[in-house]
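Breakdown of the fold
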Amino acid sequence: MTPILEGKGLVKRYGRVTALDNCDFDLMPGEILAVIGDNGAGKSTLIKAVSGAVAPDAGEVFLEGAPVRFHSPIDARNAGIETVYQTLAMSPALSIADNMFMGRELRKPGFRGSILRQLDRSTMERIAREKLSELGLMTIQNINQAVETLSGGQRQGVAVARAAAFGSKVIILDEPTAALGVKESRRVLDLIQDVRARGIPIILISHNMPHVFEVADRIHVHRLGKRICVVDPKACTMSDAVALMTGAMEPNEIAA
Amino acid sequence: MSASDNYEAASAGASDRVAEFEDTRRGPVQKFHHALHQTPSLVPLIVLVLSIAVFGVLLGSKFFSPFALTLILQQVQIVGIVGAAQSLVILTAGIDLSVGAIMVLSSVVMGQFTFRYGLPPEVAIAAGLMCGTLMGFINGFLVARMKLPPFIVTLGMWQIVLATNFLYSANETIRSQEIATSAPLLQLFGTKFNIAGAVFTVGVIFMVLLVLILAYVLRHTAWGRHVYAVGDDPEAAELSGVNVTRTLITVYMLSGLICAFAGWALIGRIGSVSPTSGQLANIESITAVVIGGISLFGGRGSILGMLFGALIVGVFSLGLRLLGADAQWTYLLIGVLIILAVAVDQWIRKVAA
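In this text, all values refer to a predicted model and were calculated from it rather than measured experimentally.

Procedures and definitions
Here the residue index of a chain counts from 1 through its sequence in written order. All chains are assigned letters beginning at A, and all ligands numbers beginning at 1, according to the order in which they are written. Only residues with pLDDT of 70 or above have their local features reported here, since the model is predicted, and side-chain atom pairs are shown and tallied only from 80 upward, although totals for entire chains, interfaces and linings are computed over all residues. A run of DSSP states H or I qualifies as a helix once it reaches four residues; a run of E qualifies as a strand once it reaches two. Both are numbered from the N-terminal end. For every residue, the other C-beta atoms within 10 Å of its own C-beta are counted; 20 or more classify it as buried, 12 or fewer as exposed, and values in between as partly exposed. C-beta atoms are placed from the backbone. C-beta atoms are first placed from the backbone for all residues, and any pair lying within 7 Å is then listed as a contact. Should DSSP find at least two bridges between two strands, the strands are regarded as paired. Note on geometry: axes are C-alpha line fits, over the in-contact stretch for helices, and angles between N-to-C directions span 0 to 180 degrees. Expected helix span is given by 1.5 Å per residue-to-residue step, counting one fewer step than there are residues. Residues were grouped as follows: Ala, Val, Leu, Ile, Met, Phe, Trp, Tyr, Cys and Pro as nonpolar; Asp, Glu, Lys and Arg as charged; and all remaining residues, including Gly, as polar. Connectivity within a nonpolar core runs through C-beta atoms within 7 Å, and the core itself is a set of buried Ala, Val, Leu, Ile, Met, Phe, Trp, Tyr and Cys residues. Roughly parallel covers angles under 35 degrees, roughly antiparallel covers those over 145, roughly perpendicular covers 65 to 115, and oblique covers all other angles. When the near helix sits turned anticlockwise from the far one by under a right angle, the crossing is termed left-handed; a clockwise turn instead gives a right-handed crossing. Each residue carries a pLDDT value, the predictor's own confidence for that position, ranging from 0 to 100.

From N to C terminus, chain B includes 14 helices and 2 strands. The burial tally for chain B puts 50% of its 353 residues in the buried class. Long-range contacts, defined here as pairs at least 24 residues apart, represent 77% of the contacts in chain B between residues at least 6 apart.

Shown next, in the form of structure tokens:
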């Protein structure tokens with residue numbers, strides 16, 4: 001089976017710091033792949049390299065077996081890869097609907113859209129509201145509220161809803177439950193499984209071991225800028241995974 | 001999973017109500033604050049209406065006449081047009097110090113192309129408009145591609161464009177009568193018409209239409225939303241799929257084009273083509289933008305506010321002059337207004353509501 005998204009020999013240096021050191025990566029169709037690693041292990045850089053936010057210094061990225069070169073997140077998005085960044089990437093002064101449709105606005109049909117370039121506000125607001133209630137993550141009264149008036153958890157919910165609504169090939173979630181309470185985290189985990197049920201694979205970066213072990217099909221363990229091993233969550237324990245990512249245990253000790 | 005992993009079940013019996021926004025603390029102050037947060041041009045509008053009312057009471061029909069009120073419009077038309085260009089740039093969290101210089105150079109190009117090279121005025125005007133757009137493109141390229149700070153780029157361009165203007169025109173003024181006889185199209189924006197004592201010029205109509213069109217574009221098109229997103233947080237805009245470089249370059253190009261139109265309107269306003277005119281346009285446009293409630297930090301404010309800001313300055317200037325006050329009082333009060341406007345902006349940005 002060809003991986004849907006694959007990275008080979010990725011290298012990224014920031015000055016004298018090597019964030020990615022000849023790193024390999026693969027995501028199989030329909031799976032949830034968790035990426036775990038210590039702080040500074042290079043997880044975020046890996047994700048940025050496969051989602052177009054940074055250009056790797058060396059190495060190649062393949063989407064469905066074909067080599068791709070993303071020059072910007074827009075390229076990756078157009079190819080069907082949606083990412084929820086840790087920083088959430090939202091414009092605080094703009095509304096929820098504006099943010100969800102940023103960069104892919106819908107225009108009114110007919111003359112008002114083609115000549116006057118008028119945005120179709122009501123449709124965008126309706127879809128945004130539907131997506132948010134699908135997620136059931138929050139009670140937002142007004143879809144035209146500025147994002148800066150939302151709480152951290154609500155903002156995260158909007159960002160996840162945006163990715164889930166538009167991702168067609170791959171969805172990448174960088175710490176999607178970090179700012180969420182217990183119930184909200186549960187909804188995001190349910191959503192992740194819903195998305196997989198629709199056949200869309202997910203990359204989940206998280207420090208939360210119970211969440212990772214609950215939803216992941218495979219776990220990519222990242223350490224010192226490269227993948228040191230991939231483990232099966234059913235065949236290993238959380239403490240093994242933590243030992244691997246911190247270097248307390250060598251991968252071959254559990255390779256069997 | 002072990003039993004300890006079942007912590008989520010503990011919340012099973014809890015109410016499903018999550019955060020709800022019960023408006024319990026909604027005193028008049030909070031309501032006002034919320035309204036300002038939603039509609040940032042409200043403050044300058046209130047100040048404008050109040051100042052017209054105060055001067056109207058103090059001066060009576062001398063001020064409160066169609067003639068005097070439309071005179072204000074004529075006096076602010078150049079600042080209003082340049083202010084529209086400045087608003088676009090400031091909404092992207094930039095600043096354009098070269099607006100006045102671009103305006104003057106464009107007007108000089110229009111005049112010199114007509115009179116030095118004998119080109120038809122239509123061609124000369126098109127060349128002037130292209131010249132302004134090109135200057136804007138250089139600004140935009142340096143800001144967006146070379147990632148230089150807008151303040152520095154436009155400070156440099158201000159000097160470069162102004163010097164080019166003096167070198168190219170040889171500091172020579174083209175007289176009003178000459179223009180009126182051989183190329184009246186250059187003075188088009190000065191064409192006046194009377195409606196019941198109120199005097200309008202093409203330049204005034206152009207300013208109002210320009211602001212209304214830009215208000216529509218900023219609010220109802222994707223490009224307009226991108227301008228706000230870029231000013232708000234360029235990195236977030238880039239990650240969420242906005243082409244930040246292209247947005248910035250088009251903003252500066254449009255700003256240059258609008259400045260060139262201001263140059264055309266300037267010929268209509270003063271009659272002649274003078275390389276020494278419009279020297280204060282950059283400062284005056286920034287003043288209008290700031291009083292109009294557009295945040296210098298970008299991403300907040302509306303272009304209508306800028307128009308109100310320009311009109312406030314116009315009302316104060318004319319009102320104080322008619323009262324016989326020293327012109328320095330106008331500058332003093334405008335200084336106070338600028339600081340007050342920024343203080344109000346800071347207060348609005350505190351999203352306590």
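There is more to say after this.
The strands making up a sheet associate through hydrogen bonds between their backbones, and the pairing can be parallel or antiparallel. Residues and elements named next belong to chain A. The sheet built from 6 strands is open, its strands ordered E6-E7-E8-E3-E9-E10 with mixed pairing. Lying at the two open borders of the sheet, with one neighbouring strand each, are strand E6 (81-84) and strand E10 (226-231). When the angles between neighbouring strand axes are averaged without regard to direction, this sheet yields 20°. The strands touched by helix H7 (residues 182-197) are strand E3 (32-37), strand E7 (170-174) and strand E8 (202-205); relative to E8, the strand with the most contacts, the crossing angle is about 155°. Strands E3, strand E9 (218-223) and E10 of the sheet are contacted by helix H9 (residues 238-246), whose axis makes an angle of about 30° with E9.

With 17 residues, helix H4 (residues 99-115) of chain B should reach 24 Å at 1.5 Å per residue; the first-to-last C-alpha distance of 24 Å fits that figure. Extensive coverage of H4 of chain B is indicated by the burial of 17 of its 17 residues.

Turning our attention to the interface of chain B and chain A. Listed per partner, the contact involves 26 residues of chain B and 30 residues of chain A. If one sorts the elements of the side of chain B that touches chain A by residue count, helix H9 (residues 222-232) of chain B sits on top with 5 residues. Considering only residue class, the side of chain B that touches chain A consists of 11 nonpolar, 7 polar and 8 charged.

A few words now on the environment of Met90 of chain A. Residue and element names in this part refer to chain A. Structurally, Met90 is set in the loop between E6 and helix H3 (96-100). A tally of 28 C-beta atoms within 10 Å means that Met90 is categorised as buried. Considering only alpha carbons, one finds Met90 and Met100, 10 residues apart in sequence, at a separation of 8.6 Å.

Moving on, we come to the pairing of E10 of chain A. Pairing of E9 of chain A with E10 of chain A involves 5 bridges; the strand directions are antiparallel. For Val221 of chain A, the partnering residue across the bridge sits in E10 of chain A and is Cys229 of chain A.

Core analysis: the largest hydrophobic core is formed by 171 residues, its most contacted members being Ile203 and Leu204 of chain A together with Ile81, Val82, Ile258, Ala262 and Ile312 of chain B. The leading source of residues in this core is helix H11 (residues 244-270) of chain B, at 16 residues. Those residues in contact with Ile312 of chain B that lie beyond four places of it in its chain are Pro44, Val47, Leu48, Ser51, Ile291 and Leu337 of chain B.

So, on to the packing of helix H3 (residues 66-91) of chain B against helix H12 (residues 281-291) of chain B. Residue and element names in this part refer to chain B. The N-to-C vectors of H3 and H12 enclose an angle of 70°; their axes lie 8 Å apart at closest approach. Looking at the two axes, H3 sits roughly perpendicular to H12. Between H3 and H12 the crossing geometry is right-handed. On the side of H3, the interface is formed by Ile78, Val79, Val82, Gly83, Gln86, Ser87 and Ile90, while H12 contributes Ala281, Glu284, Ser285, Ile286, Ala288 and Val289. The residue makeup of the contact of H3 with H12, split by class, is 8 nonpolar, 4 polar and 1 charged.

Residue and element names in this part refer to chain A. Where burial is concerned, the two faces of E6 agree: the one with Ile81 and Thr83 and the one with Glu82 and Val84 are both buried. In this sheet, E7 lies alongside E6 in parallel orientation, the contact comprising 4 bridges. Within E7, the residue paired with Thr83 across the bridge is Ile172.

Take unusual backbone geometry next. Despite not being glycine, Asn22 of chain A has its phi angle at roughly 55°, a positive value. Here Asn22 of chain A is to be found in strand E2 (residues 17-27).

With that settled, consider the environment of Lys62 of chain B. Residue position: Lys62 of chain B is located in the loop between helix H2 (42-59) and H3. For the pair Lys62 of chain B and Gln159 of chain B, spaced 97 residues apart in the sequence, the C-alpha separation amounts to 41 Å.

With that settled, the discussion passes to the confidence of the model for chain B. For chain B, per-residue confidence averages 89 on the pLDDT scale, and 92% of positions sit at 70 or higher. In the model, residues 16-23 of chain B has pLDDT below 50 throughout and makes 6 contacts with residues more than four positions away in sequence or in other chains.

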